[in-house]
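Structural characterization, general
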Amino acid sequence: IMKQIVALRNKMPAAEGNLVFYCNATTKPVFDQFAINGTYGCTTKDDPFGRPVTDFQGIRIRQVDEILDTESAVS
């Protein structure tokens, strides 16, 4: 799946604003583990309130509980 995410990242425009990847409770811990291990360009830093924030190559990873594993893929 990381190959697909890297391909998606490279298709994104160079934005001046904030880019965010939204994922569910199944996927977010995977990014957190990559950040702990320092792999795939994932890192963790604290936000201004001291809460950890995971990002992938500078794109914030946010968990949205409304995204379900049972949803159809977007084509």
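Let us look at the structure shown here.

Parameters at a glance
- Residues numbered from 1 in each chain as written.
- Predicted model: local features only at pLDDT ≥ 70, side-chain atom pairs only at ≥ 80, totals over all residues.
- Heavy atoms only, no water.
- Pairing = 2+ DSSP bridges.
- Helix = DSSP H or I, 4+ residues; strand = E, 2+ residues; numbered from the N terminus.
- Axes fitted to C-alpha atoms, helices over the stretch in contact; angles between N-to-C directions.
- Phe/Tyr/Trp six-rings, centres within 6.5 Å; stacked < 30°, edge-to-face > 60°.
- 1 Å grid on protein atoms, 1.4 Å probe; cavity = no way out; pocket = protein on both sides within 12 Å on 5 of 7 lines; lining within 4 Å.
- Points joined across faces, edges and corners; volume = space filled by probe spheres on them.
- Nonpolar A, V, L, I, M, F, W, Y, C, P; charged D, E, K, R; others polar.
- Buried < 20%, exposed > 50% of the residue type's maximum accessible area, 1.4 Å probe, protein only.
- Polar contact = N/O pair within 3.5 Å; in protein donor to acceptor, adjacent residues only side chain to side chain.
- Contact = heavy atoms within 4.5 Å.

Pairing in this open sheet of four strands is mixed, and the strands run 1-4-3-2 from one edge to the other. A strand with exactly one partner marks an edge of an open sheet, and here the two such strands are strand 1 (20–23) and strand 2 (42–46). Averaged over all neighbouring strand pairs, the angle between strand axes comes to 35°, with direction disregarded. Relative to strand 4 (residues 59–63), strand 1 runs parallel, the two sharing four bridges.

Another point: the packing of aromatic side chains. By the definition in use, this model includes three aromatic pairs. Members of the aromatic cluster, each reached through a chain of ring pairs, are F21, F31 and F56.

Turning to the layout of surface pockets, a few remarks are in order. For the largest pocket, the calculated volume is near 690 Å³. Lining of the largest pocket is provided by 18 residues; of these, I1, Y22, C23, T27 and I67 occupy positions nearest its centre. At the level of elements, helix 1 (2–11) and strand 1 are the ones that each hand at least two residues to the lining of the largest pocket. Per element, the largest residue contribution to the lining of the largest pocket is four residues, and it comes from strand 1. Looking at the lining of the largest pocket residue by residue, the classes come out as 12 nonpolar, four polar and two charged.

So, about the side chain of T54. Looking at the secondary structure, you find T54 in strand 3 (residues 52–56). For T54, a relative accessible area of 4% translates into the label buried. One polar contact links T54 to D32, side chain to side chain, over a distance of 2.6 Å. Once residues lying within four places of it in the same chain are set aside, the contact partners of T54 are K28, F31, D32, A35, T43, T44, I59, R60 and I61.

The analysis is restricted to geometry; functional conclusions fall outside its scope.
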